[in-house]
Amino acid sequence: MSNNQNTPQRVVIAGGGTAGWIAAVALSKKLGSLLNITLVESKQMGTIGVGEATIPTARTFHKLLGIDESALMKATEATFKLGISFEDWGKKGDRYIHSFGQTGKESWLSEFQHYWLHGKAQGFSSDFGDYCLELQAAKQGKFATSDKSPINYAYHLDALLYAKFLRSIAIEHGVVHTEGTISKVNQNASTGNIESLTLESGTTIEGDLFIDCTGFEALLIEQTLETGFEDWSHLLPCDSAVAVQTDVTGTPLPMTRSVALDAGWRWCIPLQNRMGNGYVYSSRHISDDEATASLLREVEGNPINDPRVIKHRPGIRRKVWNKNCVAIGLSAGFLEPLESTGIHLFMMGITRLMQLFPFNGVDQSLQDQYNTLAVGELTSIRDFILLHYHATQRDDSSFWRRCKNMDIPDTLAHRIALFQKNGHAYQAAGELFRVDSWTQVMLGQGIEPEHYHHLAKTMGDDQLAIYLNSMKDAIGMTVEKLPSHQTFIDQYCKAAVI
């Protein structure tokens, strides 16, 4: 890579799809004057196209890039998302919502769950979710937002339309879009760095820094650089998914549904003009044909495409940044979409690269910092996903017995013990999921704390009862005034009817 500060650095993005165009938009809009950016996309590779649910960090990313929310949602047939409804996870018949909102109000000495637990012990706390605005709005199908609204939300969107929307912005900001299939990755004989990509047409595209967005194929980071992969299949047993789209059968709720099945779980994601459905499963416990048949029995509405089976392997590349190649997207690693973290990881991958961009040449310290942060982030998300599987009372199938009795990482075992014994949850530096998330899921999965912080006792029972009831009543009155989710969509971001 040239050290000439006056020479724009040549960045080549291999692969399009959601990850590729997220990278292209971010680089072009924030560092475009310093870079020459080329994206090479093969029509044959395509897009997985099932990552249709996001988390609130997507809104922050879009604001950073100056993307208009209403225009984005119209273009991607999007709906709003306030959380995820988990059904049959702790045991059959259970249901809880992992919402994006803050539950209650904490003090500087203890989190809200300690006050709630003390109130519960005295007999005057209601459900934990009654103290969360977003959770109650999701349950009642209500939604509204504005510049002054405190409500925390994300989107359900069409991933293919999302990539198309981002592509138009990236090209408008100077990204060179080249269509073609990569036939050869050319390396420097002495350093092993990637120097260029040769397309089947014979065209050669040279670069200084290469971003691998080729998905599970990992053409640059793995097939060329042989980086290696840390497999997490022993922790996350699901290695397959079947996806199908169906027509709309009712008004969309502002949340994703995740329903536990005998060998995994199925998702249901409402868009404006269709529903996204899928079954994530372990092929050791159910065949592809059986999983497909099970999904088609469960879905509402008529299928509008053929079911598609996708194979995956959970884990992370041993180096997400290796030599002069950075993997972003599925080429970097994979975690199943249980908590809708896929698009977030794409966004964080390119944000981290922009923060550590090698303007003065690829440096080992930059690589090490990038890789340390990437591994830490993915590991903490892995533990959060694993919590859903392991903290279960289900023993009605071999799959759930395996999950319930599996050995788990010490990092997760510590979190569970800390909450189970003392009611404590925490968000470490750099972690995605907040205390609210860990608390909602652990309670929802049936982990009941044996003890709690006694600070709540200093309030006095009468005062605590008033405090809890007034909070619950205020949330109830706020939700009552909100319009329906569909009404707000119609006013704010109604997509064209196909």
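These figures come from a predicted structure and were not determined experimentally.

This paragraph deals with the sheet that holds strand S16 (residues 275-281). Spatially, S5-S4-S14-S15-S16-S13-S17 is the arrangement adopted by the seven strands of the open sheet, whose pairing is mixed. Two strands in the sheet have a free side with no partner beyond their single neighbour: strand S5 (95-99) and strand S17 (308-311). Here the strands of the sheet are splayed against their neighbours by 20° on average, with no regard to which way each runs.

The next point concerns the pairing of strand S2 (residues 35-41). Counting buried residues along S2, six of its seven residues qualify, which places the element largely inside the surrounding structure. Pairing of strand S1 (residues 9-14) with S2, which is carried by six bridges, proceeds in the parallel orientation. The residue bridging Ile-13 from the neighbouring strand is Leu-39, located in S2. In terms of handedness, the path from S1 via helix H1 (residues 17-31) over to S2 forms a crossover that is right-handed. One ladder, built from four bridges, connects S2 with strand S7 (residues 176-179); its direction is parallel. Directly across from Glu-41, in S7, lies its bridge partner Glu-179.

Listed in full, the buried residues belonging to helix H8 (residues 288-298) are Ala-291, Thr-292, Ser-294 and Leu-295. Burial along H8 is one-sided: seen end-on, the buried residues are contained in an arc of 165°. Seen from the buried face of H8, the exposed residues on the opposite side, beyond 90 degrees, are Asp-289 and Arg-297. The secondary structure elements touched by the buried residues of H8 are strand S13 (240-246), strand S14 (256-261), S16 and S17.

Quick notes on the rules
Residues numbered from 1 in each chain as written. Predicted model: local features only at pLDDT ≥ 70, side-chain atom pairs only at ≥ 80, totals over all residues. Heavy atoms only, no water. Pairing = 2+ DSSP bridges. Helix = DSSP H or I, 4+ residues; strand = E, 2+ residues; numbered from the N terminus. Axes fitted to C-alpha atoms, helices over the stretch in contact; angles between N-to-C directions. Buried < 20%, exposed > 50% of the residue type's maximum accessible area, 1.4 Å probe, protein only. Right-handed = clockwise from strand over helix to strand, strands pointing away. Arc of directions from axis to C-beta. Contact = heavy atoms within 4.5 Å.

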